[in-house]
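Single-letter residue listing:
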Amino acid sequence: MSTSRTGLQDVGAAPGAGVLETRLTGLSAEEFARDIWARKPLLTRRASDFSDLFSAAAVDELISCRGLRTPFLRVAKDGSTLPESTFTSSAGVGATIADQLDDTALWRAFADGATLVLQALQRTWEPVGEFGARLSAQLGHPVQANAYVTPPQSRGFDAHYDVHDVFVLQIGGTKRWLVHEPVHPDPLRDQPWTDHRSAVAEAARGAAHLDTVLEPGDVLYLPRGWLHAAEAQGGVSVHLTLGIHTWTRYALAEQLAQAALAALREAPGMRSTLPLGVDGPTGEIDLIREHLVAAVTKADPAPLFHRARRGQGRPAPLGPLAQLAAVDGLGPDTPVRLRAALEARLEGLRLTTRVGWLDFSEADLPPVSRLLDGEVHGTGELGVALVGRLLRAGVLVPAGE
């Protein structure tokens, strides 16, 4: 059976503990990594009060007042996704984009039993975005957030598996979850459940590994590949799904191979043309294999890895007006800090971030290195000119922001 913990509250956490310990599992990060991560489901009863992150009122506001467009919302009913044209329309004078959410159409679909899926909430709802960024920083893997809003006694999707790990946070109402063991363990991003549709359907007819009803405050962790289906019970169910887009050994192997091939492009012998009269490449394979193995041995995939990590997320929001005020009012006493979620990394004299790169002199390296701790620093400690440059680049922000 899955692991289950009950009665855990958002209190008494160790100093410096992250959201994994304090709000999602009640386990220490070490315990979660050793016993649960990527291995088996974990059910945590009453893990936390999530009303600060999301609510039914947030659903109504996002759908009716924010002018959201597809693909920030999907609609599903009885295992099928509805066409976008059935719940979008033009928003009228001054906002004539044709694919904005139509709240009347969505109300009718919801009343008829459809599930509303608000996608990429890390971009549209600040509390969820901040929470996801903290979890991503702790896990070291990118995080996205969706909300699933299901009317009573309805289901949105048939049994399936995801190609990413998930934390399911029950926000409102109750939902019954049926979880089955994988038919294709640890699927990669390009190995969706539809590739194993018949095996998934057969497994879902068998005895469940976990059959449980989530109530507000409960959290369910599922590693990628675990089959699941869910159905709302007696009232409307709202839950958040935090999708963990895990890095895999295969992804690192891809980057190692890319780094090796990039090195081989610079080898004149490898760019040379095959001899005339060669009956296929057979005679060349051993030579190429020897060079490829040598290139893999010497290759350093770290730059590719960090570049890919930076590309899979966004930095913390930055307000242009507040940033301009900080630049204009900059003085020796101005407190600043590194902008959150930048994936900042010093590589020699270059600082690479999600908003670009900057080169520095040797003299600048000590203060730049201090900034990477993410703590608040005084401008006088770092140098007014350096802080001004980093504020203008969007790397630093005023400490009050």
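Residues numbered from 1 in each chain as written. Predicted model: local features only at pLDDT ≥ 70, side-chain atom pairs only at ≥ 80, totals over all residues. Heavy atoms only, no water.

1. Examining the overall build of the chain
Right, so step 1: Along the chain, the regular secondary structure elements total 15 helices and 20 strands.
Right, so step 2: Overall, the C-alpha framework of the chain stretches about 70 × 65 × 55 Å when taken along its three principal axes.
Right, so step 3: Scored against the burial criterion, the 401 residues of the chain give a buried share of 41%.
Right, so step 4: In the chain, the share of contacts with a sequence separation of at least 24, taken over all contacts with a separation of at least 6, comes to 79%.
Right, so step 5: Carbon and sulfur atoms form 53% of the exposed surface of the chain, whose accessible area is close to 20700 Å².
Right, so step 6: Averaging the coordinates of the 38 positive side-chain charges in the chain and doing the same for the 47 negative ones gives two points 1 Å apart. (Helix = DSSP H or I, 4+ residues; strand = E, 2+ residues; numbered from the N terminus. Buried < 20%, exposed > 50% of the residue type's maximum accessible area, 1.4 Å probe, protein only. Contact = heavy atoms within 4.5 Å. Areas by Shrake-Rupley, 256 points an atom, 1.4 Å probe, with all protein chains shown as cover. Lys, Arg positive; Asp, Glu negative; His and termini not counted. Charge placed at Lys NZ, Arg CZ, Asp CG, Glu CD.)

2. Examining the sheet that holds strand E16 (residues 345–347)
Right, so step 1: The strand order E16-E17-E18 describes an open sheet built from three strands, whose pairing is antiparallel. Here the strands that pair on one side only, and so sit at the sheet edges, are E16 and strand E18 (356–359). Neighbour-to-neighbour, the strand axes of the sheet open up by a mean angle of 25°, direction not taken into account.
Right, so step 2: Bridge analysis of E16 against strand E17 (residues 350–353) gives three bridges, and the strand direction is antiparallel. By the bridge assignment for E17, arginine 345 is matched with threonine 352. (Pairing = 2+ DSSP bridges. Axes fitted to C-alpha atoms, helices over the stretch in contact; angles between N-to-C directions.)

3. Some points on the confidence of the model for the chain
Right, so step 1: Taken as a whole, the chain shows an average pLDDT of 91; of its residues, 94% reach a score of 70 or greater.
Right, so step 2: Note that pLDDT drops below 50 for residues 6–15; the model gives that stretch 18 contacts with residues more than four away or on any other chain. (pLDDT = per-residue confidence, 0-100.)

4. Side note on the pairing of strand E10 (residues 175–180)
Right, so step 1: In this sheet, strand E11 (residues 210–214) lies alongside E10 in antiparallel orientation, the contact comprising five bridges. Bridged to leucine 178 within E11 is aspartate 211.
Right, so step 2: By the bridge criterion, six bridges tie E10 to strand E13 (residues 227–232) in an arrangement that is antiparallel. Residue valine 179 lies in a different strand from E13, and its bridge partner there is histidine 228.

5. With respect to the nonpolar core
Right, so step 1: In this structure, Phe54, Leu118, Leu121, Phe167 and Leu169 are the most contacted members of the largest nonpolar core, which totals 45 residues.
Right, so step 2: Once residues lying within four places of it in the same chain are set aside, the contact partners of leucine 118 are Phe54, Val59, Leu62, Ile63, Leu68, Phe72, Leu73, Ala145, Asn146 and Ala147.
Right, so step 3: Within the second largest apolar cluster, 17 residues are counted, among which are Val327, Val336, Leu342 and Leu391. (Core = buried A, V, L, I, M, F, W, Y, C linked by side-chain atoms within 4.5 Å.)

6. Side note on the side chain of asparagine 146
Right, so step 1: Note on placement: asparagine 146 falls in strand E8 (residues 143–150).
Right, so step 2: Given a relative accessible area of 7%, asparagine 146 falls into the buried group.
Right, so step 3: Of note is the side chain of asparagine 146, whose polar atom sits 3.0 Å from the side chain of glutamine 144.
Right, so step 4: Filtering out sequence-adjacent residues up to four positions away, asparagine 146 remains in contact with Val117, Leu118, Gln119, Ala120, Leu121, His239, Leu240 and Thr241. (Polar contact = N/O pair within 3.5 Å; in protein donor to acceptor, adjacent residues only side chain to side chain.)

7. Examining the pattern of salt bridges
Right, so step 1: The tally for this structure, following the rule as stated, stands at 12 salt bridges.
Right, so step 2: Notably, a salt bridge pairs arginine 350 with aspartate 359, separated by 2.8 Å at the nearest N-O pair.
Right, so step 3: Under the relative-accessibility criterion, arginine 350 is labelled partly exposed at 31%.
Right, so step 4: A salt bridge links arginine 370 to glutamate 381; the nearest nitrogen and oxygen atoms lie 3.2 Å apart. A residue pair is termed long-range when its members are at least 10 positions apart, and arginine 370 in helix H13 (residues 365–371) and glutamate 381 in helix H14 (residues 379–382) qualify at 11 residues.
Right, so step 5: By relative accessible area, glutamate 381 is classed as partly exposed at 40%. (Salt bridge = Lys/Arg side-chain N within 4 Å of Asp/Glu carboxyl O.)

8. Regarding the sheet that holds strand E20 (residues 396–398)
Right, so step 1: The strand order across the open sheet formed by three strands is E19-E15-E20, and the pairing between neighbours is antiparallel. Each end of this open sheet is capped by a strand with a single partner; those strands are strand E19 (377–378) and E20.
Right, so step 2: By the bridge criterion, two bridges tie strand E15 (residues 335–338) to E19 in an arrangement that is antiparallel. Among the inter-strand pairings, valine 336 is bridged to a residue of E19, identified as histidine 377.
Right, so step 3: The sheet contacts of helix H15 (residues 384–392) involve E15 and E20, and relative to E20 the element is tilted by about 95°.

9. Here we look at the pairing of strand E14 (residues 237–244)
Right, so step 1: Of all the eight residues making up E14, eight are buried; the element is thus mostly covered by neighbouring parts of the structure.
Right, so step 2: Side chains of E14 alternate between two faces, with Ser237, His239, Thr241 and Gly243 and Val238, Leu240, Leu242 and Ile244 buried alike.

10. Focus on the environment of leucine 264
Right, so step 1: Mapped onto the secondary structure, leucine 264 falls in helix H8 (residues 249–265).
Right, so step 2: Sequence separation of leucine 264 and serine 89 is 175 residues, and the distance between their C-alpha atoms is 52 Å.
Right, so step 3: Not counting chain neighbours up to four residues away, the residues in contact with leucine 264 comprise Met270, His291, Leu292 and Ala295.

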